[in-house]
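Here is how the chains run, residue by residue.
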Amino acid sequence: MSSAALDLTTDAVTLTRQLVDIESVSRDEQAIADAVEAALAPLPHLTTTRRGNTVVARTDLGHDQRVVLAGHLDTVPVNRNLPSRLDEATGLLHGLGTCDMKGGDAVILRLAATVPEPTRDVTFILYESEEIETEFNGLYRLSQSDPDLMAADFAILMEPSDAVVEAGCQGTLRVEVRTTGERAHSARSWRGVNAIHAAADVLARLAGYEARRPVIDGLTYHEGLNAVGIRGGVAGNVLPDECVVEVNHRFAPDRSEAEAEAFVREFFAGYDVVLTDSAPGALPGLDRPAAAEFVDAVGGGRGAVNPKFGWTDVARFSALGVPAVNFGPGDPMLAHKQEEHVPVEHIERCERVLRTWLGGGTV
């Protein structure tokens, strides 16, 4: 057992520092999960469950609405950015995981500890291994083993979003588009067929792609179709007989994975297309009462909500029929960078908004 301890009676910024200073690179989250479980388990208003290094704590007050607040505990590898460091002059907290996403985790833990009688039932999920392959992802594993623990009317994933609401997320898939030819000595190139040259049409189709921009719940999503890799070649004096263009498609959440795949296959009609990876998008669900009330609580109404263009774990909730949004402290552009940091004001704002929304008064 780890000797690391978390003080849930302290302020969220100090709690963020405590979490950051527990190193928790993906697949090495036992110490932080132990600390989270030890902090939550004694709280009498919560029922705490642990699956691997994922900790779930729930209220059960009999309300007609249940919401989820979720955040991952792991980080990318250390890059000379531990321990945490608070720059009071700039109001920035520096260190690995401050932005992605231990600031959000600290807010979750503070609310779990200090709002014992929320106006809606709450499930708090702190999970492992978000930063690596799906098979290790704690939220994915929970959706397979205990989907009832993720059941809710609405979910908030506290990924960094500049402390504003980013609704839903786009889906993503990758394919390999393959061209073939015939090998020949490059000195007698007319005796073969150059597969790399044949890929020119694949690239031309991509260059001429016009993005679809559907409007969903008043939010305009922007799809993308891009070459992200290309490989081919045998030797410096041989015409290649194969070329593979790797293509990534980011699709709006009004399309299923199957529909997105069908679009890509039609787009590259006549070519060998192999699907290598796929993940669904998530509808924003802003028409749901809990979602609408949350947007109002954040302030600015729907005009203050942005669509999420990247993929996040909100899609795992969507797959279970739970609409979800991203709302957390920090600039997502700083995630995984050595200079990762989070504004103190973001942490405080997120806690203040969520505490008010849950009926927990003021900090």
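Refer to the structure above for everything that follows.
Residues numbered from 1 in each chain as written. Predicted model: local features only at pLDDT ≥ 70, side-chain atom pairs only at ≥ 80, totals over all residues. Heavy atoms only, no water.

**Student:** Would you mind going over the environment of Leu46 with me for this structure?
**Tutor:** Looking at the element boundaries, Leu46 is found in the loop between α2 (30-40) and β1 (47-51). It is 33 Å that separates the C-alpha atoms of Leu46 and Glu340, two residues lying 294 residues apart in sequence. (Helix = DSSP H or I, 4+ residues; strand = E, 2+ residues; numbered from the N terminus.)

**Student:** What is the right way to look at the layout of surface pockets in this model?
**Tutor:** Remark: the empty space left among the atoms is shown by a probe the size of a water molecule rolled over them. In this structure, the largest pocket occupies an estimated 790 Å³ of space. Every residue lining the largest pocket is counted, 30 residues in all, and those nearest its centre are Glu130, Trp311, Thr312, Asp313 and Arg316. Mapped by element, the contributors of at least two residues to the lining of the largest pocket are α4 (138-145), β9 (171-180), β14 (272-279) and α9 (314-319). Looking at the lining of the largest pocket, its residues break down into eleven nonpolar, eight polar and eleven charged. (1 Å grid on protein atoms, 1.4 Å probe; cavity = no way out; pocket = protein on both sides within 12 Å on 5 of 7 lines; lining within 4 Å. Points joined across faces, edges and corners; volume = space filled by probe spheres on them. Nonpolar A, V, L, I, M, F, W, Y, C, P; charged D, E, K, R; others polar.)

**Student:** Looking at this model, I keep getting lost on the packing of helix α1 (residues 12-20) against helix α10 (residues 344-357). Mind explaining?
**Tutor:** Angle between the axes and distance between the axes: these two values describe a pair of packed helices. Between α1 and α10, whose axes approach to 9 Å, the crossing angle comes to 115°. Relative to α10, α1 is oriented roughly perpendicular. Viewed along their axes, α1 and α10 form a crossing whose handedness is right-handed. Of the residues in α10, those touching α1 at Ala12, Val13 and Thr16 are Val344, Ile347, Glu348 and Glu351. Partitioned by chemical class, the residues of the contact of α1 with α10 number four nonpolar, one polar and two charged. (Axes fitted to C-alpha atoms, helices over the stretch in contact; angles between N-to-C directions. Parallel < 35°, antiparallel > 145°, perpendicular 65-115°, else oblique. Left-handed = near helix turned anticlockwise from the far one by under 90°. Contact = heavy atoms within 4.5 Å.)

**Student:** Even after reading the chapter, I still don't get the environment of Val107, so can you show me in this structure?
**Tutor:** In this structure, Val107 sits in helix α3 (residues 98-114). The sequence separation of Val107 and Arg265 amounts to 158 residues, and the corresponding C-alpha distance is 44 Å. Those residues in contact with Val107, other than ones at most four positions away along the chain, are Met158, Ile347, Cys350, Glu351 and Leu354.

Nothing here speaks to function; it is geometry throughout.
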